[in-house]
Amino acid sequence: MSPATETELAEAVASAKGPLRIMGGGTRPIGKPVAGQVLSTRGLSGIELYEPGALTIVVKAGTPVAEVESALAAENQRLPFEPMDHRGLLGTEGDPTIGGVAAANVSGPRRIQAGACRDYMLGVRFVDGTGTVVKNGGRVMKNVTGYDLVKLMAGSYGTLGVLSEVSLKVLPQTDTQATLMIHNLSDSHAVQAMSAALGSPYEVTAAAHTPFSMMGDRAMTMLRLEGFEQSVKYRTDQLKDVLASFGDITVEDDPDKSAAIWKASRDVMGFKQAEGDVWRISVKPTDAPDIAAKLTDTKIFYDWGGGLIWALVTQGTDVRAALNEFDGHATLIRASEETRHQMAVFHPEPAPVAMISKGLRDRFDPNNILNTGLMA
C-alpha cells in the first residue's frame, strides 16, 4: 500500500486486517525484522510550507531528505542536526525520507553542539493504530501541556503512529569550516583531547576519533569548527594552543575537504564494506575507552566526543553480554536477519520505563498492528 494523501493513509490503517510494516524510503532496516503488509509513506511527498525568514519548514513524511536539503541550500539554510545516511553502512538503496529521519531520531556529528533531530521537531501529524489522524505541536517553538507527542514520535520507529507530516526548525548555513587533526593518540588521550576542546569557549561542532585507518594510516582525532571565516581562523589558532600538549596538530581549512571528512564520519564509512555486525553504543565519554577495551576482535570509531561508540564485531557477537552491565545502552544496527531475530536489537528498558512504553503502545496502537515486534 502506498497512500497519496493523509486521508488514504488513515483509511489504510483503519481497514488493516493484520500487522503493517511501515516503510519510508526503506534505507534504515533497523530493529527486529517485521512481518506484515508493507505500508509505504513515499506517496506522501512534498514541501507543504517553507518560510526561510521564520526558519521553519513543513514537509510531508515521504519527502526525500535530499529534496529538503536542496530547498534549504537554495536559501543558504540547513538541517541543524546533520542526519546520518545509513545506506553505505547498511548496504541499502532508495532515498531516505524526512519521516524516516524523524521516526528514528537520526542525528549526526553536530548533535553534541546543536542537539538531536527531536530538538528541532516543532510539530507532527500522524495516523495512530486505529486510523485516527492526530496533530500535535505547531510551526513555532512553544511550551506544551499533556503528552508531548512530537518528542514521543521521535525515535518511536513507527510503533506509535505513521507520520504524515513533520514541521522542523532550520538554521542558517555556516560560512566555512575547518577540521583540526591530532595524530597517533591513544583512545584515552583522544577522549581527553576531545573533552578539552568541547569544554573550551571555541564552539567545536563535532569531535571524533578513529583508532584505525579509516582516513589514513594513523589514529586520528578530529575536531570541527564552523562559522564566519575570520572567526573560524581565530578559533582554530586558539584551539591549537589549548591542545598543544596532545601533540602535533594539522588543520584542514579547505571547507570541501573538511566537509568530506565529516560526511565520512557521519555515515561511518570506515565500516561500509567491512565484514561483521555493527553496534551503536551510547556511554559517558569518560567511560568510552574502558568500555571499548572490553570488546575483543573489534574495530571502534568514536563520535560525539566519545559519547557514541561505533563497534564493528564478529558476526553474531552479543555486545551487551561482552560488556556485562555498564552505564549506557547498546543498539544492534547492522546484522543478518537471523541475528536480529535472535537478539534484542534495542537495549532492554528498565522495568518502569518498559511499563510506560507498553502503556503508550496500548494507547496509540491498541490493535498491535504498527511495526509489531520491531522494538522487542
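This text follows the structure it describes.
If you're wondering where the values come from, they're calculated on a predicted model, not measured in any experiment.

(A) Highlighting helix H13 (residues 351-364). For H13, built from 14 residues, the straight-helix expectation of 20 Å at 1.5 Å per residue is met to within 8% by its first-to-last C-alpha distance of 20 Å. Considered for burial, the residues of H13 that qualify are Ser357, Leu360 and Phe364. Looking straight down H13, one finds that the buried residues subtend no more than 60 degrees of arc, so they occupy a single side. Structural note: H13 exposes Ala351, Pro352 and Met355 on the side pointing more than 90 degrees away from its buried face. Structurally, H13 contributes buried residues whose contacts are with strand E6 (121-127) and helix H6 (149-153).

(B) Layout of the pairing of strand E8 (residues 162-169). Among the eight residues that make up E8, seven are buried, leaving the element largely enclosed by the rest of the structure. Sheet topology places strand E4 (residues 56-60) next to E8; five bridges connect them, and they run antiparallel. Across the sheet, residue Thr56 finds its bridge partner in E8, namely Lys169.

(C) Spatial organisation of unusual backbone geometry. Its identity as a non-glycine residue notwithstanding, Asn184 has a phi of 65 degrees, on the positive side. Mapping Asn184 onto the fold places it in the loop between strand E10 (176-183) and helix H7 (187-198). A relative accessible area of 52% means that Asn184 is categorised as exposed.

(D) Expanded view of the nonpolar core. Grouped together as the largest cluster of nonpolar side chains are 77 residues, with contacts concentrated most on Ile281 and Trp310. A total of six residues in this core trace back to one element, the largest contributor, which is strand E16 (residues 308-313). Here Ile281 is in contact with Leu295, Gly307, Leu308, Ile309, Ala311, Val319, Leu323, Phe326, His329 and Ala330, once residues within four sequence places are set aside. Ranked by size, the runner-up nonpolar core spans 18 residues in total, among them Ala193, Ala197, Leu225 and Leu239.

(E) The arrangement of the environment of Met375 in detail. Here Met375 lies in the segment after H13. With relative accessibility at 30%, the residue Met375 sits in the partly exposed group. When the C-alpha atoms of Met375 and Ala61 are compared, they prove to be 21 Å apart, with 314 residues separating the residues in sequence. Those residues in contact with Met375 that sit more than four places away from it in its chain are Gly155, Ser156, Tyr157, Thr159 and Phe346.

The rules behind the values
Residues numbered from 1 in each chain as written. Predicted model: local features only at pLDDT ≥ 70, side-chain atom pairs only at ≥ 80, totals over all residues. Heavy atoms only, no water. Helix = DSSP H or I, 4+ residues; strand = E, 2+ residues; numbered from the N terminus. Expected span 1.5 Å × (residues − 1). Buried < 20%, exposed > 50% of the residue type's maximum accessible area, 1.4 Å probe, protein only. Arc of directions from axis to C-beta. Contact = heavy atoms within 4.5 Å. Pairing = 2+ DSSP bridges. Core = buried A, V, L, I, M, F, W, Y, C linked by side-chain atoms within 4.5 Å.

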